[in-house]
There are 2 protein chains.
Amino acid sequence: MPDIFLEDFIIGEVKTFGSHTFSREEIVAFAGEFDPQPMHLDEAAGKASLLGGLAASGWHTCAILMRLICDGFLLRTASMGSPGVTENKWKEPVRPGDTLTLRRTVLESRTSRSKPEMGLVTFRFELLKPDKSVVLEQVCVIMIGRRNPGARLA
Amino acid sequence: MPDIFLEDFIIGEVKTFGSHTFSREEIVAFAGEFDPQPMHLDEAAGKASLLGGLAASGWHTCAILMRLICDGFLLRTASMGSPGVTENKWKEPVRPGDTLTLRRTVLESRTSRSKPEMGLVTFRFELLKPDKSVVLEQVCVIMIGRRNPGARLA
């Protein structure tokens, strides 16, 4: 049962969660299945590309972001899914051996007009390298159940 | 060697490419690795959710979109990668057995100010069910090499 509800997301709050280290094998496996562009499969092709070396598919980075979101807080949250993403920037290549950490910022929170049992939280999710450079920046809305439906948000 | 260049993307052009049928096994496998929320793993949990039944992770749908983009035209295109996505809407659940087709609309095309050998094309990508309902809508910018760098676009 979830123990994190809409009321627990405080606007402006910044938290970091978990980390993932990308292996060459998983970068090539993901790309082979979903994004078989040469720069995601082969070192020489990566070097010849704007990425400057073998680098993960941006969709692989997004998938890992989702996993860190799940493990960090979402699986304990009264989440009801997401209507979508309003911004997703791939800012730097992700290479074999890179370890990325999730940073979550709560940008906005509001109750739903049509569904009083839930609200919508807008998050900025970022994946950071150990030197704090940001490789992925995403703004995403998640529908989250309320602890006290019908009560006014503070 | 690529045979599709910046000059080949005509603003307003709409084309459809390929299709993919989602199996229950791949929906559960993707979710288990990247998005282990119960509604993506289990029929009963899906039924109890807003999705109304077991449904693919939105990131799985995005990954399949990327594969259809690759197979449809990108692997033959002088693509130099993507800075990101400016909009991504998950509009309907994707269920086991659903067959989705890619529809591509060219929204905008311009040469790069800083890199005369390339330009940026803004696409609307959609995944459609056989009844033409749209399950995923995405606006994405891709950097694409020019056939004739330095020449003026028509």
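Cut-off values and rules
- Residues numbered from 1 in each chain as written.
- Chains lettered and ligands numbered in written order.
- Predicted model: local features only at pLDDT ≥ 70, side-chain atom pairs only at ≥ 80, totals over all residues.
- Heavy atoms only, no water.
- Helix = DSSP H or I, 4+ residues; strand = E, 2+ residues; numbered from the N terminus.
- Contact = heavy atoms within 4.5 Å.
- Areas by Shrake-Rupley, 256 points an atom, 1.4 Å probe, with all protein chains shown as cover.
- Lys, Arg positive; Asp, Glu negative; His and termini not counted.
- Charge placed at Lys NZ, Arg CZ, Asp CG, Glu CD.
- Least-squares fit on C-alpha atoms with pLDDT ≥ 70 in both.
- Pairing = 2+ DSSP bridges.
- Axes fitted to C-alpha atoms, helices over the stretch in contact; angles between N-to-C directions.

A few words now on the overall build of chain A. When its secondary structure is counted, chain A shows three helices and five strands. Counting from the amino terminus, chain A carries its helices and strands in the arrangement β-α-α-α-β-β-β-β. With respect to the three principal axes, the spread of C-alpha positions in chain A is 60 × 30 × 25 Å. Sequence separation of at least 24 residues holds for 69% of the intrachain contacts in chain A that already meet a minimum separation of 6. On chain A, roughly 7,000 Å² of surface is accessible, and the fraction owed to carbon and sulfur atoms is 53%. Placing the 19 positive and 19 negative side-chain charges of chain A at their respective mean positions leaves the two points 7 Å apart.

Let's shift gears to the relation of the copies chain B and chain A. When chain B is brought onto chain A, the operation consists of a screw motion whose angular component is 180 degrees and whose axial shift is 0.0 Å, with 0.0 Å RMSD remaining. On this basis, the relationship between the two copies can be described by a two-fold rotation axis.

To continue, consider the sheet that holds strand β5 (residues 134-145) of chain A. Strand order in the open sheet formed by 10 strands is β1(A)-β3(A)-β4(A)-β5(A)-β2(A)-β2(B)-β5(B)-β4(B)-β3(B)-β1(B), and the pairing between neighbours is antiparallel. The sheet is open, and its two edges are formed by β1 (14-21) of chain A together with β1 (14-21) of chain B, each paired on a single side. Across the sheet, the mean angle from the axis of one strand to that of its neighbour is 20 degrees, orientation sign disregarded. As judged from the six bridges shared by strand β2 (residues 84-90) of chain A and β5 of chain A, these two strands associate in the antiparallel manner. In the sheet register, W90 of chain A faces β5 of chain A, and the bridge partner there is L136 of chain A.

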